[in-house]
Structures are given as structure tokens and as C-alpha cells.
Amino acid sequence: MPFPPFHSKPCDRVVEVENAEKAIKLVRNALPLFRVGKPLIKPDGVDVPILYLNFAIDRLHYDPKKERPLPKGCPRSSRAGEVGEIEEKVEKILEEAKILPAAEFREPENCWIVPVAWKSFIILHIRVSADGKEIIPDYRLTEEIRRHGL
């Protein structure tokens, strides 16, 4: 199975149902290739970068006290405790994750947002080009983890 390409050029501004379906299928096919990066310890919690082909695609907010992810949009509130096993626990969470069968279009970014859920939480938003053919990396997060040598 060839790797899906990354976003490399601007897409047309045409929003079609078929393109949303392509975006969902692309993320579903790529999910087994997602990897866990080194946790980023923040003053108010832990962010775990999710990587695809050595680029960060989103961050998972993790609650070390409850040993589970936080839903998107939930402010972090747990201070970092023991983080030694976080990577292993997040790998397990990714194995249990599911792609939801819907996508949101974000016009300013000209991309689809495909939600990834764990149990009843949406834990990741994966950006896909408007034509549904390319996963778009989170370049700021990629730079942040490279800057910190992670």
C-alpha cells in the first residue's frame, strides 16, 4: 500500500461530498501508520504529538492522573505526574481509535477536518486537503518538537 502524499500545493476551493468521503477514507487508511511522539510536558498538562511520516499531524491532550486522553476542546487541568509510560498508553489508545464517518470543511484553511475518536471522545482532528488526497501536517507542532529535540 503506497503512502498517501502530504499537502504540497493549494487546492481548488470546490467543496464536494465525494472529496469529504475521500478525506475520510484517506485518514482511515493512514490511521495504522500514526505514531506517538515524545510527550510535551506543559505547566498545565501533557500534550502528546501524533506523527505521520515523521511530521506531526495533531496533538493529543493527555491526563496522566486518569491515564486517558482528554476530548478536544477540553482545557487541560491535570499537572504532569509520572510520564514514563505515556507513550505506551497513547499507542494503545491509537489502536482503539476510530475515524468518524463525517468531515468538517474549514474554508480559511481550505481543508477538511476528519475527527478521530476514542470511546466517546474526539481526540484528534486530522487535516486533509480540499480534494481529499493529502494529509496536511501541523507545521507549528512539527517545528516545536524538532526545536526541543524530540
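Structure shown above.
Residues numbered from 1 in each chain as written. Predicted model: local features only at pLDDT ≥ 70, side-chain atom pairs only at ≥ 80, totals over all residues. Heavy atoms only, no water.

A. Focus on unusual backbone geometry. Although it is not a glycine, N54 sits at a positive phi angle of roughly 65 degrees. Within the fold, N54 resides in the loop between β3 (45-52) and β4 (55-63). Phi at E67 takes a positive value of approximately 55 degrees, unusual for a residue other than glycine. Overall, the relative accessible area of 45% leaves E67 in the partly exposed class. (Helix = DSSP H or I, 4+ residues; strand = E, 2+ residues; numbered from the N terminus. Buried < 20%, exposed > 50% of the residue type's maximum accessible area, 1.4 Å probe, protein only.)

B. View of helix α1 (residues 17-30). With 14 residues, α1 extends 20 Å between its outermost C-alpha atoms, agreeing within 8% with the 20 Å of an ideal straight helix rising 1.5 Å per residue. Burial in α1 covers these residues: N19, A20, A23, I24, L26, V27 and A30. All buried residues of α1 lie within an arc of 160 degrees about the axis, which places them on one face of the element. Seen from the buried face of α1, the exposed residues on the opposite side, beyond 90 degrees, are V17 and K25. Looking at the buried side of α1, the elements it contacts are β3, β6 (98-99), β8 (111-118) and β9 (121-129). (Expected span 1.5 Å × (residues − 1). Arc of directions from axis to C-beta. Contact = heavy atoms within 4.5 Å.)

C. Structural detail: the pairing of β4. Within β4, 8 of the 9 residues are buried, which leaves it mostly tucked inside the rest of the structure. Where β3 meets β4, 7 bridges bridge the pair, whose relative direction is antiparallel. Paired with V48 across the bridge in β4 is L60. Linking β3 back to β4 in an antiparallel pair, the connection comprises 2 residues, with L53 at a positive phi of about 55 degrees. Here β4 folds back onto strand β5 (residues 68-69), and the loop between the two strands holds 4 residues, one of which, E67, carries a positive phi near 55 degrees. (Pairing = 2+ DSSP bridges.)

D. Broad picture of the environment of A130. Summarising the element assignment, A130 is placed in the loop between β9 and α3 (139-147). Accessibility expressed as a relative area gives 1% for A130, which makes it buried. Residues A130 and K22 lie 108 residues apart in sequence; the distance between their C-alpha atoms is 9.7 Å.

E. Quick look at the packing of aromatic side chains. Counted by the stated rule, this structure contains 4 aromatic pairs. The interplanar angle of 85 degrees and the centroid separation of 6.4 Å between the aromatic rings of F55 and Y139 together place this pair among those described as edge-to-face. Here the residue F55 occupies a position in strand β4, and Y139 occupies one in helix α3, the gap between them amounting to 84 residues. Seen in terms of ring centroids, W118 and F121 are 6.2 Å apart; in terms of plane orientation they differ by 55 degrees. Their pairing is tilted. Owing to a relative accessible area of 10%, W118 belongs among the buried residues under this scheme. For R146, the ring lying beneath its charged end belongs to F55, and the centroid distance is 5.1 Å. (Phe/Tyr/Trp six-rings, centres within 6.5 Å; stacked < 30°, edge-to-face > 60°. Lys NZ or Arg CZ within 6 Å of the ring centre and 35° of its normal.)

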